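# Commentary on secondary and tertiary structure
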Amino acid sequence: MTMTTRAGFVALIGEPNAGKSTLLNRMVGAKVSIVTHKVQTTRARIRGIAMEGDAQIVFVDTPGLFRPRRRLDRAMVAAAWGGAADADVVVLLIEAHRGLTEGVRAILDTLKERFGDGRRVALAINKIDRVKAEVLLALAEAMNAAYPFEKTFMISAERGHGVEDLKAWLGATLPEGPWFYPEDQIADLPMRMIAAEITREKLTLRLHEELPYQLTVETERWEDREDGSARIDQLIYVARDGHKGIILGHKGETIKAVGRDARVELTEFLGRPVHLFLQVKVRENWLEDKERYTEMGLEFKDGD
């Protein structure tokens, strides 16, 4: 009997901090595999591959959607919608306790504008443990009245509730066809990108609005040690000298805390001890530097 395989691209979209990374890590699990080369069918970077029975789910990277102010913001928002446009299925992730925010309304408007063609769009309401059942049901109703979602899932990405149902639905929904990648493809270079992303996320959480997108993190060295641990050296690039002090913090407290949080998550993510070393460097015009965008998988957007 021949096996019918399925494969396709899934875009997780939502406001920043809606829990996309947590959900992705939960669905991809230990089989995390990030591929740096682009597949012709997708303009966005590929973030992870999950296997669900005979289906291969390829998640495309979509930065959080927000109102763009600077060139980098525009490039990120364009990449998010580009990734969604190339996907077979789009999943909009919202936070239960924040509900139908102004940002979510703007995303719904753009979905209507861009995907009036019957694109498969599902809704995932995350962090369900933070609200009462009746609030959840009212939110699901309001969301479905605002947009014709194909299916609605109630999940907790952090605790794993409802995630398997979502993953099973995605696997069954993708088109029939051969897999895009070998089942066992786990690359080392892509792990560097995940590691950099984890540190960047910790910086953003710690600094809140002070430097939301004016920094980038690169994994400079990755050494697998004989005792099973990994040594990871990362550079944090900022646009201005004054930003360096913000990241270091009083007596280096901020960077120590960021390093500690990132190390804890990396250790859990990799399932082995991690020694993380962070350094801050000023690279003045990186926000205007075309190459930085290419490395981040974004398109350089000219304009206002």
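Residues numbered from 1 in each chain as written. Predicted model: local features only at pLDDT ≥ 70, side-chain atom pairs only at ≥ 80, totals over all residues. Heavy atoms only, no water.

## Topic: the packing of aromatic side chains
The cut-off we apply is this: Only the six-membered ring of Trp is used, alongside the rings of Phe and Tyr, when aromatic pairs are assigned; centres must lie within 6.5 Å, and planes under 30 degrees apart are stacked while those over 60 apart are edge-to-face, with the rest tilted. Each residue's exposure class comes from its accessible area (1.4 Å probe, protein chains only) as a fraction of the maximum for that residue type: buried when under 20%, exposed when over 50%, partly exposed otherwise. Strands here mean DSSP runs of E at least two residues long; helices mean DSSP runs of H or I at least four residues long; both are numbered from the N terminus. Should the NZ of a Lys or the CZ of an Arg lie within 6 Å of a ring centre and within 35 degrees of the ring normal, that charge is described as sitting over the ring.
Within this structure, the stated rule accounts for 2 aromatic pairs. Taken together, a centroid distance of 5.0 Å and an interplanar angle of 55 degrees make the contact between tyrosine 147 and phenylalanine 149 tilted. Residue tyrosine 147 shares its accessibility class with phenylalanine 149, and that shared class is buried. Look at phenylalanine 153 and tryptophan 169: their rings are 5.7 Å apart centre to centre, the planes differ by 55 degrees, and that puts the pair in the tilted class. Highlighted residues: phenylalanine 153 in strand β6 (residues 151-154) and tryptophan 169 in helix α5 (residues 163-173), separated in sequence by 16 residues. Neither phenylalanine 153 nor tryptophan 169 differs from the other in exposure class; each is buried. The ring centre of phenylalanine 277 lies 4.0 Å from the NZ or CZ of arginine 231, which sits over that ring. A cation over a ring is seen here: arginine 283 above tyrosine 237, with NZ or CZ 3.8 Å from the ring centre.

## Here's the deal with the pairing of strand β3 (residues 55-60)
The condition is simple: Two strands qualify as a pair provided that DSSP identifies no fewer than 2 bridges between them.
Here β3 lies mainly inside the structure; 6 of its 6 residues are buried. Taking every second residue as pointing to the same face, both faces of β3 are buried, with Ala55, Ile57 and Phe59 on one and Gln56, Val58 and Val60 on the other. Where strand β1 (residues 6-13) and β3 come together, 6 bridges link them in parallel fashion. Bridge pairing in β3 places arginine 6 opposite alanine 55.

## Some remarks on the environment of arginine 225
Worth spelling out the cut-off: The contact criterion used is simple: two residues touch if any of their non-hydrogen atoms lie within 4.5 Å.
Along the chain, arginine 225 turns up in the loop between β7 (215-224) and β8 (230-238). Placed 49 residues apart in sequence, arginine 225 and valine 274 show a C-alpha to C-alpha distance of 9.9 Å. Setting aside its immediate chain neighbours within four residues, arginine 225 contacts Arg231 and His275.

## Brief notes about the confidence of the model for the chain
As a reminder of what qualifies: Confidence of the predictor at the level of single residues is given by pLDDT, which spans 0 to 100.
Chain-level statistics for the chain give a pLDDT mean of 79 and a share of 73% at 70 or above. At the level of individual helices and strands, the chain shows its lowest average pLDDT in helix α9 (residues 290-295), which scores 60, and its highest in β6, which scores 96. Below a pLDDT of 50 lies the segment residues 30-44, which in the model reaches 47 contacts outside its immediate sequence neighbourhood of four places, other chains included.

## As for the sheet that holds β7
To keep things clear, this is the line we draw: Axis lines are fitted to C-alpha atoms, over the contacting stretch for helices. Their N-to-C directions set the angle, which ranges from 0 to 180 degrees.
Ordered in space as β7-β8-β9, the 3 strands form an open sheet in which the pairing is mixed. Only two strands of the sheet have a single neighbouring strand rather than two, namely β7 and β9 (274-282). Neighbouring strand axes in the sheet, compared pairwise and without regard to direction, differ in orientation by 20 degrees on average. Of the pairings in the sheet, the one linking β8 to β9 comprises 9 bridges and is parallel in character. What sits directly across from alanine 230, in β9, is valine 274. Contacts from helix α7 (residues 241-248) reach β7, β8 and β9 within the one sheet, and its direction differs from that of β9 by about 150 degrees. Against the sheet, helix α8 (residues 253-270) touches β7, β8 and β9, its axis set at about 135 degrees to β9.

## Structural notes on the nonpolar core
Heads up, the condition is: Throughout, nonpolar core names a set of buried Ala, Val, Leu, Ile, Met, Phe, Trp, Tyr and Cys residues whose side chains join them through atoms within 4.5 Å.
In terms of nonpolar packing, the biggest core is built from 28 residues, with Leu92, Leu111, Ile125 and Met143 touching the most fellow members. Broken down by secondary-structure element, the contributors of at least two residues to this core are β1, β3, β4 (89-95), α3 (102-114), β5 (120-126) and α4 (133-146). Excluding anything up to four places from it in sequence, leucine 92 contacts Ile13, Gly14, Ile107, Leu108, Leu111, Ala122, Leu123, Ala124, Met143 and Phe149. Core analysis: the next-biggest nonpolar cluster, separate from the first, contains 23 residues, Val10, Leu12, Leu24 and Ala50 among them.

## Here we look at the side chain of serine 229
Heads up, the condition is: In the analysis that follows, any N or O atom pair within 3.5 Å is treated as a polar contact, provided that within protein one partner can donate a hydrogen and the other can accept it, and provided that, for residues neighboring in sequence, both atoms belong to side chains.
For serine 229, the location among the structural elements is in the loop between β7 and β8. Residue class for serine 229 comes out buried when judged on its relative accessible area of 2%. A distance of 2.7 Å separates a polar atom in the side chain of serine 229 from a polar atom in the side chain of aspartate 227. Reaching out from serine 229, the side chain makes a polar contact with the side chain of histidine 275 at a distance of 3.3 Å. Setting aside chain neighbours within four positions, we find serine 229 in contact with Glu223, Asp224, Arg272, Pro273 and His275.

## Details of empty space enclosed by the protein
Cut-off, in case you're wondering: Lining residues are those with an atom within 4 Å of a point, where the points come from a 1 Å grid over the protein atoms alone and group into cavities, where a 1.4 Å probe fits but cannot get out, or pockets, open sets with protein on both sides within 12 Å along at least five of seven lines. Grid points are joined across faces, edges and corners, and a volume is the space filled by probe spheres set on the points. Note that Gly is not counted as nonpolar here; it falls among the polar residues with everything else outside the nonpolar set of Ala, Val, Leu, Ile, Met, Phe, Trp, Tyr, Cys and Pro and the charged set of Asp, Glu, Lys and Arg.
Tallying each qualifying case throughout the model produces 1 cavity of 30 Å³ or more. Approximately 40 Å³ is the volume found for the largest cavity. Lining the largest cavity we find Glu15, Ala18, Leu93, Ile94, Glu95, Arg98, Gly99, Thr101 and Val104. A total of 3 residues in the lining of the largest cavity trace back to one element, the largest contributor, which is β4. Taken together, the residues of the lining of the largest cavity break down into 4 nonpolar, 2 polar and 3 charged.

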